[in-house]
Amino acid sequence: MEENPRPRTILETCGEEIIRIVTPVSICMLSVVILVSILNGGSSSSGDLPISSMATIAYTENSSDSIWDKLKGALLNSLVFVAVVTAVTFLLVLLFYLGCTKFLKYYMGFSAFLVLGFMGGEISLLLIQSFSFPVDCITFAIVLFNFTVVGVLAVFMSKMALFVTQAYLVVIGVLVAYWFTLLPEWTTWVLLVAMALYDLAAVLLPGGPLRLLVELAMSREEDIPALVYEARPVINDSGPSGGAVQRRVWREGRGRPVMNENEGIRSNTRTVLASGENERDYVNAEEGRADELAVPLIQHVNIRMNSTEDNVPSDDLVLEGIGLGSSGAIKLGLGDFIFYSVLVGRAAMYDYMTVYACYLAIIAGLGITLMLLAFYRKALPALPVSILLGVLFYLLTRLLLEVFVVQCSMNLLMF
Amino acid sequence: MTVAAGIGYALLALGPSLSLFTAVISHKPFLILTLLSSTLAWLMTLIALSAVWRAFLPFKTAAWWPYALLILTSVAFQEALRLFLWRLYKRMEEILDAFADRVSKPRLFITDKMQIALAGGMGHGVAHAIFFCISLLTPAFGPATYYVEKCSQIPFFLVSAIIALAFATIHTFSMVIAFNGYSEGKRVDQYFAPVVHLAAGMLTLMNLASGGCMIGIPLLYGITILTLAHCGKMVWTTLTQNRSRVGNVLY
């Protein structure tokens, strides 16, 4: 039967940007769940590894404490952690304001080196031990060193292949998230909620450090120095051939756009979009100091526009009359990856049913945040909705759903 | 059970869904999003049901009628969800058509609409398989396996995987039938999905009797095959009608 070439429907491309963000988030969560299952499977009590870090400086949880004590201790820990993160973020804003962006960039490379080298090495050693994998120290050291150096270059330089950069960012997210799951249970949950609330305050309140940072970056037309995952931009299939002019549209709350045009092919533009400058980043607690947090916000979504369209509705895009295609890429801060994975990793320590429920809740939260982003067009905190939904679903599943499902299944009653 | 057996059970329950996913759904991002949303919706109904029934569980009696009531209420609630999803889908369809007009692409074809229904149904099926079968596999890794008294010929996990496969198929295709029925106004199709769902749920009550699963599960598969056949016939007639209406241009 001869088949006419079917015209491509919108079903084939609609929603592609969202999937391009959901996929790496899912991969990060899956990796953390697998790591947690392999490495923490033996010891169910979290008291085995007393991690001393900024997050447990106030109170070290003991499984024999009463619930009220644990709650108080966890609150204290979280308060300390959030206070440290706030202070460091303000420091970062100050440095950015003074223009020390090179320093920030080098610092980011250095912390990527620490995360990949030391934490990656430690986790690899645990894995090697767990599987009794035969490898000698010299080979291990060389491989680890090479891996780390390529990772630092990927994070540092913007001329690296996008896939490699994306992969290394996901790996960094997995390593840091795994480290966080080693914290005691109550502390982890209260910390997650505290970070979600902090994110909400820091991005939306007028004096919040992240909001200041975004406004500074917008007014200077620079990129925020941060470890940010950027999804591959979606190029329209009917876009202009070659020499696509890419633009990045920043939006003020009310709609005064600040545009930054760049010519050239996608990789060059990616250079600009991926902020050749600097990044702020998240480094952790090996040595017990928690440093700044990667910008946990979603950058602007550039609204996709079909290049053949000339009259764009004026309320959403301000590119009327220019008529050239632009494609957008959603950016998600690495801190968001980390905290989502921490939540799912913690859920994995209880049971996999909570993992599935929390995964769906987090993806739903991410979808809602992206929709809000498309609606409000300004930097939005990515943590609150997902974390709060995730915690809610975890509690509901653990307390209500599990009993119900197990009862039904054991009697082989299904619907 | 061993890890290999665990993977086997998981593939048994989800294998056909996985191949359907890879072949049809994974190429279209919108369908992946539909799948995730309908899985989430099904999970939410399950949580709501468990919130209601939690106070009464575990059942102390060995009588069958509390279980029948449980299944009846659950199926009723989930069918209400199906109606709600239909309303949501109608609005989504309008938005998508408006978007298609704006970017001057063709509107949704009938096959697109059926694919969306398929993705929605598969979300339900996958959610069922995951929560009723697969989430019980992971705590059970280890040297032994588990048998239920009432159905002692095969391990519990295998039975639940087989039942989950049947239900996943029923959910997937009855959504296509239901959406088609709602859009064309055919009563038979509209009532098909709830009736089949209820019948399948009630059939699992047979598993409460000792040895009941020997009869219950083949009957369940009978219902599954009925759903598949009806869906196939319905899709065939819709497509041939559509093609003869529109001519050979659009497929």
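If you look chain B up in an unreviewed UniProt entry, it shows as Gamma-secretase subunit APH1-like protein from Rehmannia glutinosa. Reading the Subcellular location (unreviewed entry) entry of the UniProt record for chain B gives the comment "Membrane".

Under an unreviewed UniProt entry, the name given to chain A is Presenilin, and the organism recorded is Rehmannia glutinosa. For the record of chain A, the UniProt heading Subunit (unreviewed entry) holds the text "Homodimer." According to UniProt, the comment filed for chain A under the heading Function (unreviewed entry) is "Probable subunit of the gamma-secretase complex, an endoprotease complex that catalyzes the intramembrane cleavage of integral membrane proteins such as Notch receptors."

(A) Summary view of the overall build of chain A. Along the backbone of chain A there are eleven helices and six strands. In chain A, which comprises 415 residues, the share counted as buried stands at 56%. Taking the intrachain contacts of chain A between residues at least 6 apart in sequence as the baseline, contacts between residues at least 24 apart amount to 78%. For chain A, the computed accessible surface area is about 17400 Å², with 65% contributed by carbon and sulfur atoms.

(B) Structural detail: the overall build of chain B. In terms of helices and strands, chain B carries seven helices and zero strands. Walking chain B from its N terminus toward its C terminus, one meets helices and strands in the order α-α-α-α-α-α-α. Here the C-alpha radius of gyration of chain B, 20 Å, is about what a compact globule of 251 residues would show, namely 18 Å. If one aligns the C-alpha atoms of chain B with their principal axes, the spans along those axes are about 60 × 40 × 30 Å. Across the 251 residues in chain B, those meeting the buried criterion constitute 53%. If you take every contact in chain B between residues at least 6 apart in sequence, the share linking residues at least 24 apart comes to 76%. Accessible surface, chain B as shown: approximately 11300 Å² in total, 71% of it carbon and sulfur. Chain B carries 17 positive and 9 negative side-chain charges, and their two centres are separated by 2 Å.

(C) Main features of the UniProt feature "transmembrane region" (unreviewed entry) in chain B. All names here are of chain B. UniProt's entry tags residues 6-25, 30-52, 64-85, 116-142, 154-179, 191-209 and 215-236 with the feature "transmembrane region" (unreviewed entry), counted in the numbering of this structure. Here residues 30-52 runs as 100% helix and 0% strand, with 33 Å between its end C-alpha atoms. From the first C-alpha to the last, residues 64-85 spans 32 Å; its make-up is 95% helix and 0% strand.

(D) The arrangement of the side chain of T45 of chain B in detail. Residue and element names in this part refer to chain B. Looking at where T45 falls in the secondary structure, it is placed in helix α2 (residues 29-53). Residue class for T45 comes out buried when judged on its relative accessible area of 6%. Among all residues touching T45, those that are not within four sequence positions of it are F77, Q78 and L81.

(E) Up close: the interface of chain A and chain B. Facing 48 residues of chain A, the contacting portion of chain B comprises 71 residues. When the area that chain A buries against chain B is broken down by residue, the three leading residues are L11, M414 and F415 of chain A, summing to 18%. Taken together, the links from chain A to chain B amount to zero salt bridges. Between the two partners, chain A and chain B, sit seven residue pairs in polar contact (both at pLDDT 80 or more). For the side of chain A that touches chain B, the secondary-structure elements that each account for two or more residues are α1 (16-39), α10 (352-376) and α11 (383-410) of chain A. With 14 residues, α11 of chain A is the single largest residue contributor to the side of chain A that touches chain B.

(F) Expanded view of unusual backbone geometry. The backbone of S132 of chain A sits at a positive phi, close to 50 degrees, despite the residue not being glycine. Note that S132 of chain A resides in the loop between α3 (101-131) and α4 (137-156).

(G) Layout of the side chain of Q190 of chain B. All names here are of chain B. As for its position among the elements, Q190 is in helix α6 (residues 187-203). Within the structure, the side chain of Q190 is placed 3.2 Å from the backbone oxygen of G181, a separation counted as a polar contact. The residues contacting Q190, other than those within four sequence positions of it, are G181, Y182 and G185.

(H) Here's a closer look at helix α2 (residues 67-98) of chain A. The terminal C-alpha atoms of α2 of chain A lie 46 Å apart, and with 32 residues this matches the ideal 46 Å at 1.5 Å per residue to within 8%. In the segment just after α2 of chain A, G99 of chain A is the residue with positive phi, at about 85 degrees.

(I) Expanded view of the confidence of the model for chain B. Residue and element names in this part refer to chain B. Taken residue by residue, chain B gives an average pLDDT of 90. The fraction at 70 or more is 98%. Mean pLDDT across the elements of chain B ranges from a minimum in helix α7 (residues 213-246), with 90, to a maximum in α2, with 94. The ipTM assigned to the predicted complex is 0.93, against a pTM of 0.83.

(J) A look at α6 of chain B. Residue and element names in this part refer to chain B. Between its first and last C-alpha atoms α6 spans 24 Å; for 17 residues at 1.5 Å apiece the expected length is 24 Å, and the two agree. Of all bends in α6, the biggest is about 25 degrees, found at A193, and the proline P194 comes one to four residues later. Those residues of α6 lying buried are D189, Q190, F192, A193, V196, H197, A200, G201 and L203. Looking at the packing, one finds that the buried side of α6 touches α3 (65-102), α5 (156-184) and α7.

(K) Expanded view of the pattern of salt bridges. All names here are of chain B. This model, assessed by the stated rule, comprises nine salt bridges over all chains. For R107, the salt bridge goes to D101, with nearest N and O atoms at 2.6 Å. Taking relative accessible area as the criterion, D101 reaches 41% and is therefore assigned partly exposed. Across the pair E184 and K186 runs a salt bridge, and its minimum N-O distance is 3.6 Å. Looking at E184, the relative accessible area reads 34%, which means it is partly exposed. Among the charged side chains, a salt-bridge network with shared partners connects K90, E93 and K113.

(L) Molecular detail of the UniProt feature "transmembrane region" (unreviewed entry) in chain A. The sites that UniProt annotates as "transmembrane region" (unreviewed entry) are residues 21-39, 74-98, 110-132, 138-156, 161-180, 186-205, 356-376 and 382-406 of chain A. Within the segment residues 161-180 of chain A, helix and strand shares are 95% and 0% respectively, and the terminal C-alpha atoms sit 29 Å apart.

(M) The arrangement of the environment of G208 of chain A in detail. All names here are of chain A. Residue position: G208 is located in the loop between α6 (185-204) and α7 (209-220). Note on G208: relative accessible area 6%, which makes it buried. Through-space distance from the C-alpha of G208 to that of A347 is 31 Å; in sequence the pair is 139 residues apart. Beyond its immediate sequence surroundings of up to four residues, G208 is in contact with A201 and A202.

About the criteria used
- Residues numbered from 1 in each chain as written.
- Chains lettered and ligands numbered in written order.
- Predicted model: local features only at pLDDT ≥ 70, side-chain atom pairs only at ≥ 80, totals over all residues.
- Heavy atoms only, no water.
- UniProt positions renumbered as here; feature names shortened; annotations may be inferred.
- Helix = DSSP H or I, 4+ residues; strand = E, 2+ residues; numbered from the N terminus.
- Buried < 20%, exposed > 50% of the residue type's maximum accessible area, 1.4 Å probe, protein only.
- Contact = heavy atoms within 4.5 Å.
- Areas by Shrake-Rupley, 256 points an atom, 1.4 Å probe, with all protein chains shown as cover.
- Rg over C-alpha atoms; globule rule 2.2 N^0.38 Å.
- Lys, Arg positive; Asp, Glu negative; His and termini not counted.
- Charge placed at Lys NZ, Arg CZ, Asp CG, Glu CD.
- Buried area = accessible area lost by both parts, 1.4 Å probe.
- Salt bridge = Lys/Arg side-chain N within 4 Å of Asp/Glu carboxyl O.
- Polar contact = N/O pair within 3.5 Å; in protein donor to acceptor, adjacent residues only side chain to side chain.
- Expected span 1.5 Å × (residues − 1).
- pLDDT = per-residue confidence, 0-100.
- Bend = angle between axes of the 7 residues up to and from the residue.

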